[in-house]
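Chain residues, written in single-letter form:
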Amino acid sequence: MADISEQLTKLRLELRRGIVVLAVLSQMNTTRYGYSLIQRLAEQGLTIEEGTLYPLLRRLEEQGLLESEWEVAESRPRKYYRISEAGREVLDVLRAEWLETVKVMNSMLQGGNHD
Amino acid sequence: MTELIERYVHQVGRYLPPKERADIEAELRSLIQDMLDDRYPETPSQADVASVLAELGDPRRVATSYHKEQYLIGPSLYPWMMMVMRYGWLVVPMVMIFLSVFGVLISSQPPTVFNLLLEPIWASLQATFIFSAVVVLIFALIQHFDLEFDANTPFNALELPQIDDPRVVDRFKSVSGTALGTFFVLVFLYFLAVGGLTLRFNLSDPGDVIASPVGWMIVLVVAIIIMTVINIIALWRNTWTGSLLLTQTILEILGNIAMYFSVYMPVYQRIIADNSALSDVPLPEIIVILYAVITLVNSGIQVVKLWNYRSNNTAHLTTQSI
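Definitions and cut-offs
- Residues numbered from 1 in each chain as written.
- Chains lettered and ligands numbered in written order.
- Predicted model: local features only at pLDDT ≥ 70, side-chain atom pairs only at ≥ 80, totals over all residues.
- Heavy atoms only, no water.
- Patch = residues over 30% accessible without salt bridge, like charges linked within 9 Å, V, L, I, M, F, W, Y side chains within 5 Å.
- Areas by Shrake-Rupley, 256 points an atom, 1.4 Å probe, with all protein chains shown as cover.
- Salt bridge = Lys/Arg side-chain N within 4 Å of Asp/Glu carboxyl O.
- Helix = DSSP H or I, 4+ residues; strand = E, 2+ residues; numbered from the N terminus.
- Contact = heavy atoms within 4.5 Å.
- Buried area = accessible area lost by both parts, 1.4 Å probe.
- Polar contact = N/O pair within 3.5 Å; in protein donor to acceptor, adjacent residues only side chain to side chain.
- Nonpolar A, V, L, I, M, F, W, Y, C, P; charged D, E, K, R; others polar.
- pLDDT = per-residue confidence, 0-100.
- Core = buried A, V, L, I, M, F, W, Y, C linked by side-chain atoms within 4.5 Å.
- Buried < 20%, exposed > 50% of the residue type's maximum accessible area, 1.4 Å probe, protein only.

Enquirer: What is the right way to look at a nonpolar patch on the surface in this model?
Expert: All names here are of chain B. On the surface, a nonpolar cluster with roughly 550 Å² of combined accessible area is contributed by V95, F98, L99, L180, F183, F184 and L199. For the nonpolar patch, the elements supplying multiple residues, two or more each, are helix 5 (78-106) and helix 7 (171-194). Position of F183 among the secondary structure elements: in helix 7.

Structure representation (C-alpha cells):
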C-alpha cells in the first residue's frame, strides 16, 4: 500500500491549489508587493511559502488577472501587484461559486454519510 | 552578505527562462531583503543570510517553480504515441531481420554464422532505435504546435461501433498496409527497371542482379497496387464490406503466388548455387504454403464473422422496427 502521508501531501496540494489563487485575488484590491502579501495572508491564518506565491503572482499577471509595476523610489526596488479589471470580474464569479461550494461541502462533511 | 545573496540569485538565474530572467532575479533580490529585514532587524550575519536562503530552498527548485508545466509528449498524446510505438516495435525488427537475412543470402560472399545471426540483430536494433526516435520527434512536434486529432468530428455515442463489429477497419493495419504496399510497389518497379532482384538501389549501377520473370513481377505490382487502393477505400469509408474483403483475400493469394515465382524461387536457386547444404529443404514452397494458410485462415475468419454479423443484424433490425 502507498504511504499515507505521501498521499496526504499530494491531496493537500491539490486541494490548496485553487484556494490559494482565490485568496490572493481577494487581497489585491490594494497594491501590494509579494512579501507584504505573504504577511497579510499569514495574519489572516493562511500560510503560503515564498516559493509558491512569487511564481503564482507572475502567472496571474500573465493571465491578465493582475497588473504589476516596479516601484524604484523607495529604499529598494519592489514589484507591486494589484488586481486588474478582468481579475475583478473573475474574482466575483469565483467568490460566488466558492460560497456555494462551501455551503454544499459543509452539509456533506458535517452531515455524515448516513441516508 | 550581499555577495552570498548574489551567488544564490545567480544560481537561480541560470535555470530561468531567459526572457524573464532579469525581472525574476530583481524580484528575488527584493524578496530576500524583505525576509532579512523581517527576521533580523539588526544587520544580519552571514549565517542569518544562509538560513534565509536555505528556507527559500535549492536554487534549481526555485527556478523550476517559475516554469510552466511543460511536456515533450503530454498525457493526452502519450497513449497515441505508445500505440504507434508498439506497432512499430513489432513490425520494424521483423522487416529488418527479413531484409538483412535476404541481403546476406544474395550477397556474392558465402554467408557465415556471424553474418546470418549478428547482422540481422544489429540491423533491427538500429532500425528500431531510429524508428522510436523519429516517432518521439513527430509526437513532440505535434505537442509543441498543439495539433489536435479528430477535433472537428463531434462524438456521437449512438454511432459507437459494436464490440464485435467485424466491419470496423483496423486503422493501423490499413495505414501500415498502405505504406508497406507503396514501398513494395516502388521497390518492384525498380526491380523491373533493372531487370531483376538486387539490394543495391542505384539505377545506373544495380550491381549483381538475380534474374526474375518479368510477367510475375508485373502481376505482383498490379496486385499490390489494387490491394493498396482497397486499403485506402476501406480507410476512407471506415468499414469493410464482404466484396472488398474477398477481393483483398484473392489478391493476397495471387500476390503470394507471384512472390513465389518472382522472388522466392530465384533467390532460393541462387542460394543453392552457393550453398548445397540447403538443397534438400523446399524452402520457397514452405513459405508460400505457410503464407497462404495464414491468409486464408485470417480472412476466412473475418469473412465468416462478417457474414454472421450481417444476418444477425438484419434480424435485429427487423425485430426492432416491429
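And the narrative resumes.
Enquirer: Can you help me understand the interface of chain A and chain B in this one?
Expert: Often the size quoted for an interface is simply the accessible area lost on bringing the parts together. Opposite the 16 residues of chain A that make contact, chain B presents 18 residues. Summing both partners gives a buried area of about 1,500 Å² for chain A against chain B, and 47% of it is carried by carbon and sulfur. Broken down residue by residue, the surface that chain A buries against chain B is led by Y35, R58 and R76 of chain A, which jointly contribute 39%. On inspection of chain A and its partner chain B, the count reaches nine salt bridges. Across the chain A-chain B interface, the total number found is 12 residue pairs in polar contact (both at pLDDT 80 or more). Broken down by secondary-structure element, the contributors of at least two residues to the side of chain A that touches chain B are helix 2 (34-43), helix 3 (50-62) and strand 3 (78-83) of chain A. Here the side of chain A that touches chain B gets seven residues from one element, more than from any other, and that element is helix 3 of chain A. Across the side of chain A that touches chain B, the residue classes tally to seven nonpolar, two polar and seven charged.

Enquirer: Just to check I follow, could you spell out the confidence of the model for chain B for this structure?
Expert: Regions with low pLDDT carry predicted coordinates that are not meant to be interpreted in detail. Residues and elements named next belong to chain B. For chain B, mean pLDDT is 82; residues scoring 70 or higher make up 89% of the total. Contacts of residues 318-322 to residues separated by more than four positions or lying in other chains number zero contacts, the stretch itself having pLDDT below 50. The complex model carries a pTM of 0.61, and its ipTM stands at 0.86.

Enquirer: What exactly am I supposed to notice about the nonpolar core here?
Expert: Nonpolar side chains tend toward joint burial in soluble globular proteins. Counting 42 residues, the largest nonpolar core has V24, M28, L57 and L66 of chain A together with Y8 and I32 of chain B as its most contacted members. Every element with two or more residues in this core is listed here: helix 1 (4-26), helix 2, helix 3 and strand 3 of chain A together with helix 1 (2-14), helix 2 (21-39), helix 3 (46-56) and helix 4 (59-64) of chain B. By residue number, the principal contributor to this core is helix 2 of chain B, which donates six residues. Setting aside anything within four residues of it in sequence, one finds V24 of chain A in contact with L37, L41, L53, L56, L57 and L60 of chain A. If you look at the next biggest cluster of nonpolar residues, it comprises 21 residues, including M217, A258, Y260 and V288 of chain B.

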